[in-house]
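# Structural description and commentary
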Amino acid sequence: MGEVGKQFFDFPPETKHKYSRKDVSTEGYGSDIIIAEEQTLDWTDRLFLTTSPKDQRQLKFWPEIPESFRETLHEYTTELEKLNEILLKAMAMCLNLEENCFLDMYGEKENATMIARFNFYPPCPRPDLVIGIKPHADASAFTYLLQDKQVEGLQFLKDNQWYRVPLNPEALVINAGDYAEIMSNGIFKSPVHRAVTNSERERMSLAVFCVPNPDREIEPVNGVVNEARPRLYKKVKDYARSYFEYYQRGRRPIEAAII
């Protein structure tokens, strides 16, 4: 998956622009959507593709070269769908809850949304002044990140300090998103993270976001609200829809879900 992603970004601009996003759509190849004069732009090129539900795939944005790109992405995200179910069950079991409570809240995988975002970070002459991706948390249940095998860049915020995520070429980085935080009533945290730039070396990563169907209502599941831990979040629906506006303004959409 990493190899076909790198091959795509190595193509000349005229080849990549065949898959450019249109107007204010996030789907396709391109950079930040400009929604406000004061927003901070990220130092990255992106290829943004919806992979599930399968009938919502816009194949005109799926690169036809390298030839194995489409098949590889399909196989990769199919395996991640299985992993997502396993983790939703594991999240329940480690809290001594009914095994399927988070999975049932999340909904059937056939109706859930899965989005793949390839990120390419060119060398940046002033990494002290420019951010790769601005600080944010993910509007997902889980996010599965395939890091670059040689160049670090991902950092997480904890106790007002940034900590680097070391490279492990044989592993995925998996973090809980805002949906997991809401469903668990704040037990599982959706971490704020960012990507930094590098003055000498390019970097590529692939983030896959697993998001419940927008028509589903998401709230803390039974068993995580009690006298000792009162309910922290409202019931939300189509939560991810407002995500990009919050993100580009440097804010977290989960602010609107807090009681």
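Look a little higher up for the structure.
Since this is a predicted model, take the numbers as computed values, not measurements. (Residues numbered from 1 in each chain as written. Predicted model: local features only at pLDDT ≥ 70, side-chain atom pairs only at ≥ 80, totals over all residues. Heavy atoms only, no water.)

This part takes up the environment of His17. Note that His17 resides in the loop between helix H2 (13–16) and strand S1 (28–30). Among the residues examined, His17 registers a relative accessible area of 46% and is labelled partly exposed. Sequence separation between His17 and Gly28 is eleven residues; the distance between their C-alpha atoms is 9.2 Å. (Helix = DSSP H or I, 4+ residues; strand = E, 2+ residues; numbered from the N terminus. Buried < 20%, exposed > 50% of the residue type's maximum accessible area, 1.4 Å probe, protein only.)

Attention now goes to a negative patch on the surface. On the surface, Glu98, Glu99, Asp104, Glu108 and Glu110 cluster together to form a negatively charged patch. Here Asp104 is to be found in helix H4 (residues 101–106). (Patch = residues over 30% accessible without salt bridge, like charges linked within 9 Å, V, L, I, M, F, W, Y side chains within 5 Å. Areas by Shrake-Rupley, 256 points an atom, 1.4 Å probe, with all protein chains shown as cover. Salt bridge = Lys/Arg side-chain N within 4 Å of Asp/Glu carboxyl O. Lys, Arg positive; Asp, Glu negative; His and termini not counted. Charge placed at Lys NZ, Arg CZ, Asp CG, Glu CD.)

Paired through their backbone hydrogen bonds, the strands of a sheet run either parallel or antiparallel. The six strands are arranged S1-S2-S3-S10-S5-S8 in an open sheet whose pairing can be described as antiparallel. Taken across any chain shown, the strands that pair with only one partner, and hence form the sheet edges, are S1 and strand S8 (173–176). Each adjacent strand pair in this sheet contributes to an overall mean axis angle of 15°, direction not counted. With respect to the sheet, helix H3 (residues 69–93) is in contact with strand S2 (45–52), strand S3 (113–121), strand S5 (142–146), S8 and strand S10 (203–211), its orientation differing from that of S5 by roughly 135°. (Pairing = 2+ DSSP bridges. Axes fitted to C-alpha atoms, helices over the stretch in contact; angles between N-to-C directions. Contact = heavy atoms within 4.5 Å.)

Residue Pro53 is bonded to the preceding Ser52 through a cis peptide linkage, with omega at -5°. You can see Pro53 is positioned in the loop between S2 and H3. Of note in this structure, Asn96 is not a glycine but carries a positive phi near 60°.

Scanning the entire structure with this criterion turns up nine aromatic pairs. Look at Phe8 and Phe9: their rings are 5.4 Å apart centre to centre, the planes differ by 75°, and that puts the pair in the edge-to-face class. Here Phe8 and Phe9 have matching classes, each one buried. Ring centres of Phe8 and Phe69 lie 6.5 Å apart, and the angle between their planes is 50°; this geometry places the pair in the tilted category. Here Phe69 lies in helix H3 and Phe8 lies in helix H1 (residues 2–10), a separation of 61 residues in the sequence. Summarising the burial analysis for this pair, Phe8 and Phe69 share the class buried. What links up through ring pairs into an aromatic cluster is the set Phe8, Phe9, Tyr19, Tyr29, Phe69, Phe118 and Phe120. (Phe/Tyr/Trp six-rings, centres within 6.5 Å; stacked < 30°, edge-to-face > 60°.)

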